[in-house]
Amino acid sequence: MKAASNFTEMIVQSWKNVATEDWNSWKWQFANRIRTLPALAATLNQRSLANSNCSEVIHRYPVAVTPYYASLMVASDSHCPIRIQAVPDPREIHYSLGGTADPLAEEQHMEVPGLVHRYPDRCLVIVTNVCATYCRHCNRKRIWKQKPAGDMKTYHRRIIDAIAAKPSIREVILSGGDPLTMSDRAIESFLSALRSIPHVEVVRIGSRTPVVMPMRITKPLCAILRKYRPLWFNTQFNHPREITPESTKACEMILETGIPVSSQTVLLRHINDCYDVMRDLLYGLQRIAVRPYYLFQCDPVMGTDHFRTDIWAGMEIMEKLWSNVSGLCLPKYVLDVPGGKGKIPLQPFSLLNRENTDPS
Ligand SMILES: *Cc1c(COP(=O)(O)O)cnc(C)c1O
Ligand code: SF4
């Protein structure tokens, strides 16, 4: 088995007999995802997990972690930034601080199920609700347990037809869930249907697989993606430790296909809400030619309170980044306004405003 750079002894034990070929196959990774608390507790060697009320948590918000992503965890460290992103926490079902299941009102912006059309020129498609690893901070965790109404083909067909009927849409974002949990054939069939619509100029894929299941980026997949350019790829790196030889290679393969890769990072409490970690992440992304695109203020989604940072803490980090790091490393810090009003930039400072246009 090929070990990731920061494999911990304890976690290696769980998969020490796995053939390298299996470990490097996304189908093996996907089929062998950790889906239960006992399996997770055994992997992390933590009996406490099984005894906590996490079973109630995963009843509502299922657990799934690829062996690869689990292998990046430091099992003994409950503050491990990888662990916090993937291991259920009882606080996910403590709703005392509020939050709603769908603060961005995506469900209300759907003309047909799965199509969120909030801006005139672009729309977002929830092509699947399946992910390789369920990120506990996900702003769409409400959909993890949703059953698609009817079969997938019909579901996709209705979305394609709705896009075809809207000439203002020039860009389509494949999102989810994670579009790359679908088979190559399903991906190709969706992309070719989109490409047959003359007004769809650009396709964007949002997928976290380069980070949580990098083996998904295969040569055959890249060959398919190449055919449907102009295509843009957005992934989500949240911590420098996610930049491994494996995730680097996955991004490189996408880049070599002629597809730009960006990261939409989420500002997460105790994971990356400090200047040093964020700078290291952004520097790391620049080294692997992944463009930091957005830094998201964590949405007020039910079950994610414990991940949210203060906007002003985010501003402070951005202000320090602005004056210290290369412009190519700087993401836009944005807030998705509740109610589905769209994203707004959070600017750290501005000398000028309408009332005071004299900077001196
Ligand atoms: C974020 C988002 C987009 C894409 O917005 P960009 O600013 O172009 O990245 C499109 N549609 C919906 C519904 C979104 O939430
Ligand atoms: S991969 Fe994306 S959609 Fe899936 S759980 Fe993570 S953040 Fe949510």
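Turning our eyes to something else, we now look at the overall build of the protein. Tallying secondary structure elements over the protein gives 15 helices and nine strands in all. Across the 360 residues in the protein, those meeting the buried criterion constitute 55%.

The next subject is the packing of aromatic side chains. Tallied over the full model, the rule gives seven aromatic pairs. With a centroid separation of 5.8 Å and 45 degrees between ring planes, the pair formed by W23 and W28 is classed as tilted. Each member of the pair, W23 as well as W28, is classed as buried. Cluster of aromatic residues (ring-pair linked, three or more members): W15, W23 and W28. Against the face of Y61 rests K141, its NZ or CZ located 4.4 Å from the ring centre. Over the ring of W26 we find R216, and its NZ or CZ is 3.9 Å from the ring centre.

Taken together, V116, R118, Y119, R122, L124, I173, R204, Y293, Y294 and K343 are the residues near ligand 1. Here an oxygen atom of ligand 1 and a side-chain polar atom of R118 are 3.3 Å apart. Taking 380 Å² as the accessible area of ligand 1 by itself, protein coverage stands at 91%. For the shell around ligand 1, the secondary structure elements donating two or more residues are β1 (115-119), β2 (122-126) and β7 (291-297). In terms of residues, the shell around ligand 1 owes the most to one element, β1, which gives three residues. Its residues assigned to classes, the shell around ligand 1 comprises six nonpolar, no polar and four charged.

The contact between helix α9 (residues 152-164) and helix α10 (residues 184-195) brings their axes to 10 Å, and the two run at 20 degrees. Taken together, the axis directions place α9 and α10 in an arrangement best described as roughly parallel. Here α9 and α10 pass one another in a crossing that is right-handed. Contact with α9, carried on its side by H156, I159, I160 and I163, involves F190, A193 and L194 of α10 and no other residues of that element. Taken together, the residues of the contact of α9 with α10 sort by class into six nonpolar, one polar and no charged.

A few words on the pattern of salt bridges. Side chains that differ in sign of charge can pair as their charged atoms come close. Under the defined criterion, the tally for this structure stands at 20 salt bridges. Among the salt bridges present, the one from E92 reaches K141, with a minimum N-O distance of 3.0 Å. Taken as a pair, E92 in the loop between α8 (81-86) and β1 and K141 in the loop between β2 and α9 lie far apart in primary sequence, 49 residues in all. Judged by relative accessible area, which is 1%, K141 ranks as buried. For K227, the salt bridge identified is with E188, shortest N-O distance 2.8 Å. With K227 in helix α12 (residues 219-227) and E188 in helix α10, this pair connects stretches of sequence that are 39 residues apart.

For the rest of this paragraph, the subject is the site of ligand 2. In the neighbourhood of ligand 2, the contacting residues comprise C131, T133, Y134, C135, C138, W144, G177, R208 and Q236. The residue makeup of the shell around ligand 2, split by class, is five nonpolar, three polar and one charged.

Another aspect to go through is α10. Helix length check: α10, at twelve residues, gives a terminal C-alpha distance of 16 Å against a target of 16 Å (1.5 Å per residue), a fit within 8%. For α10, the set of buried residues is I187, F190, L191, A193 and L194. The buried residues of α10 all sit within an arc of 160 degrees when viewed along its axis, so they share a single face. On its buried side, α10 packs onto β2, α9, β3 (171-175), β4 (202-206) and α12.

Our next topic: the packing of α10 against α12. With their axes 10 Å apart at the nearest point, α10 and α12 run at an angle of 5 degrees to one another. Between α10 and α12, the angle falls in the class roughly parallel. Of the residues in α12, those touching α10 at D184, I187, E188 and L191 are P220, L221, I224, L225 and K227. Of the residues in the contact of α10 with α12, the class split is six nonpolar, no polar and three charged.

So, on to helix α14 (residues 275-287). Between its first and last C-alpha atoms α14 spans 18 Å; for 13 residues at 1.5 Å apiece the expected length is 18 Å, and the two agree. For α14, every residue scored as buried is listed here: Y275, V277, M278, L281, L282, G284 and L285. In this structure, the buried side of α14 is in contact with β6 (261-267), β7 and α15 (311-324). In the segment just after α14, A289 is the residue with positive phi, at about 65 degrees.

Reading the values: the criteria
- Residue positions are given per chain, counting from 1 as you read along its sequence in written order.
- Going through the entries in the order they are written, you letter the chains from A and number the ligands from 1.
- Local features in a predicted model are, by the rule used here, given only for residues with pLDDT of at least 70; side-chain atom pairs are given and counted only at 80 or more, and totals for whole chains, interfaces and linings are based on all residues.
- Hydrogens are left out, water is left out, and the side-chain values use all remaining heavy atoms of the structure.
- In this description a helix means any DSSP run of H or I spanning at least four residues, a strand means any run of E spanning at least two, and both kinds are numbered starting from the N terminus.
- Classification of residues uses two cut-offs on accessible area relative to the type maximum, computed with a 1.4 Å probe and protein chains only: under 20% is buried, over 50% is exposed, and between them is partly exposed.
- Planes of paired rings set the category: under 30 degrees apart is stacked, over 60 is edge-to-face and the rest tilted, where pairs are Phe, Tyr or Trp rings (Trp by its six-membered ring) whose centres lie within 6.5 Å.
- Only lysine NZ and arginine CZ atoms are considered, and such an atom sits over a ring when it is within 6 Å of the ring centre and within 35 degrees of the ring normal.
- The rule for a residue being near a molecule or strand is that one of its heavy atoms must lie within 4 Å of it.
- In protein, a polar contact means a hydrogen-donor-capable atom and an acceptor-capable atom, both N or O and within 3.5 Å, with residues adjacent in sequence counting only if both atoms are side-chain atoms; elsewhere, any N or O pair within 3.5 Å suffices.
- Accessible surface is estimated by sampling points in the Shrake-Rupley manner with a 1.4 Å probe; for residues, cover comes only from the protein chains shown.
- Gly is placed with the polar residues, together with every amino acid not listed as nonpolar (Ala, Val, Leu, Ile, Met, Phe, Trp, Tyr, Cys and Pro) or charged (Asp, Glu, Lys and Arg).
- In this description, a line fitted to the C-alpha atoms serves as the axis of each element, helices being fitted only across the stretch in contact, and the angle between N-to-C directions of two axes falls anywhere from 0 to 180 degrees.
- Should an angle lie under 35 degrees it is considered roughly parallel, over 145 roughly antiparallel, and from 65 to 115 roughly perpendicular; all remaining angles are considered oblique.
- Two helices that cross are described as forming a left-handed crossing if the nearer one is turned anticlockwise from the farther one by less than a right angle, and a right-handed crossing if clockwise.
- Any two residues having at least one pair of non-hydrogen atoms within 4.5 Å are treated as being in contact.
- By convention in these notes, a salt bridge is any Lys or Arg side-chain nitrogen within 4 Å of a carboxyl oxygen on Asp or Glu.
- Each helix should span, by expectation, one fewer than its residue count multiplied by 1.5 Å.
- The arc under discussion is defined with respect to the helix axis, by the directions toward the C-beta atoms.

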